Amino acid sequence: MGGLGLGDAKDITVKGLEVVKKCKRVYLEAYTSILTVGKDALEEFYGREIILADRDMVETNSDEILSGAEEEDVAFLVVGDPFGATTHTDLVLRAKEKGLDYRVVHNASIMNACGCCGLQLYNFGETVSIVFWTDTWKPDSYYDKIKCNRDRNMHTLCLLDIKMKEQTIENLMKGRKIFEPPRFMTVKQASEQLLEIVENKRQEGDNSLAFTEDTVCVGLSRVGSDAQRIVSATLQEMTQIDLGEPLHSLIIPGEMHSLERDMLLQFAISDKTKNILSSICI
């Protein structure tokens, strides 16, 4: 099991590439994250055919991946780190149940690469996932986790939803294997949902909001690639920002050290954001 890092085909480690080149079969986990390049670029650089492993294969048909692994080496590649944002411990446990040896080759993930914005990693609390809302389903349980982090003066990394190989309810109910185009939540969309939660809390009479429209946040896109972008802006301003192609992440800072604040000032998009950051007492 090997991590691919966050950018392109060349972000794999030397050790990871050596392992891939020796394997008879190479699977790419293709539903929790993406690189900035496609399958063809990976195959060309690794010199191996790559088999895309979707959620169904990994979660319900893992025997297909592990089949024959007692006789030949099999690689399972994960964007980022194998045990970063989404753990793959279940696959490891299934391998152990079959008496198979396994090896993990680690790499960078958004969990540590988010430090590129200048916020110190040991000041982060629990990471949350923000999911796409629908007209009838608007979960907001992550708000309480953000509030808990903020109450403890800690930063919150928000991982934004990815929809890969999803079916409509109608197609799912009718058993039709018709899938929707991939969707990737943007910082803009996440900020809009967070502001709606804030407004709902106000209407409920909540006087101890975890954050407001004027809370300075950090938007990240394509971390680890040449097209990486970092901006700091108020949550309200974030709803007007286009950070381009996926993948995006959002950080809601807690209490900041002076060095953290000074770093965010370098990425501020407006005088308002600069003034808010400059007024923070250190």
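Preceding this paragraph is the structure being described.
Residues numbered from 1 in each chain as written. Predicted model: local features only at pLDDT ≥ 70, side-chain atom pairs only at ≥ 80, totals over all residues. Heavy atoms only, no water.

*Asks:* Explain unusual backbone geometry to me, please; I cannot follow it from the model alone.
*Replies:* Outside of glycine, negative phi angles account for most residues, and trans bonds account for most peptide bonds. The linkage connecting Pro246 with the following residue, Leu247, adopts the cis geometry, with an omega of 5°. Looking at the element boundaries, Leu247 is found in the loop between helix H10 (235-238) and strand E11 (248-252). In this structure, Asn153 takes a positive phi of about 65° despite not being glycine. Along the polypeptide, Asn153 turns up in the loop between helix H7 (142-151) and strand E6 (156-160). (Helix = DSSP H or I, 4+ residues; strand = E, 2+ residues; numbered from the N terminus.)

*Asks:* Teacher, can you tell me more about the sheet that holds strand E3 (residues 51-53) here?
*Replies:* Either a parallel or an antiparallel arrangement is found when strands of a sheet pair, and the pairing is made through backbone hydrogen bonds. Read from one edge to the other, the open sheet built from four strands follows the order E1-E4-E2-E3, with strand pairing classed as parallel. The open sheet is flanked by strand E1 (2-3) and E3, the only strands paired with a single partner. Here four bridges tie strand E2 (residues 25-29) to strand E4 (residues 74-78), and the two strands are oriented parallel to one another. Its bridge partner lying in E4, Arg25 is registered against Val74. (Pairing = 2+ DSSP bridges.)

*Asks:* What is the right way to read the pairing of strand E9 (residues 216-221) from this model?
*Replies:* Two faces make up the sheet, and in a regular strand the side chains alternate between them. Burial runs high along E9: six of the six residues are buried. Alternating positions in E9 separate into two faces, Val216, Val218 and Leu220 on one and Cys217, Gly219 and Ser221 on the other, with burial throughout. Here E9 runs beside strand E10 (residues 229-234); their pairing, made up of six bridges, is antiparallel. Counted as the bridge partner of Cys217 is Ala233 from E10. As defined by bridge partners, E9 adjoins E11 across four bridges and the pair is classed as antiparallel. (Buried < 20%, exposed > 50% of the residue type's maximum accessible area, 1.4 Å probe, protein only.)

*Asks:* Is there a simple way to think about helix H11 (residues 258-266) in this case?
*Replies:* Each α-helix turn comprises 3.6 residues. Residues three or four places apart therefore point the same way. Every buried residue belonging to H11 is among Glu260, Arg261 and Leu264, and all of these are buried. Angularly, the buried residues of H11 cover 100° about the axis, an arc narrow enough to put them on a single face. In this structure, H11 carries Leu259 and Gln266 as exposed residues pointing more than 90 degrees from its buried face. Next to the buried residues of H11 lie E9, E10 and helix H12 (271-279). (Arc of directions from axis to C-beta. Contact = heavy atoms within 4.5 Å.)

*Asks:* How should I be thinking about the packing of aromatic side chains in this particular structure?
*Replies:* To describe a pair of aromatic rings, one takes the distance between the centres and the angle between the planes. Taken as a whole and judged by the stated rule, the model has two aromatic pairs. Above the face of the Phe132 ring, Arg183 is positioned so that its terminal group lies 4.3 Å from the ring centre. (Phe/Tyr/Trp six-rings, centres within 6.5 Å; stacked < 30°, edge-to-face > 60°. Lys NZ or Arg CZ within 6 Å of the ring centre and 35° of its normal.)

*Asks:* I would appreciate a short explanation of the sheet that holds E9 in the present structure.
*Replies:* With mixed pairing, five strands are arranged side by side in an open sheet as E5-E6-E11-E9-E10. The open sheet has two edge strands with one neighbour each: strand E5 (128-130) and E10. Within this sheet the neighbouring strands show an average axis-to-axis angle of 25°, counted without direction. As judged from the three bridges shared by E5 and E6, these two strands associate in the parallel manner. Within E6, the position partnered with Ser129 by the bridge is Leu159. Most of the contacts of helix H9 (residues 187-203) go to E11, to which it runs at about 40°, and overall it touches E5, E6, E9 and E11. (Axes fitted to C-alpha atoms, helices over the stretch in contact; angles between N-to-C directions.)

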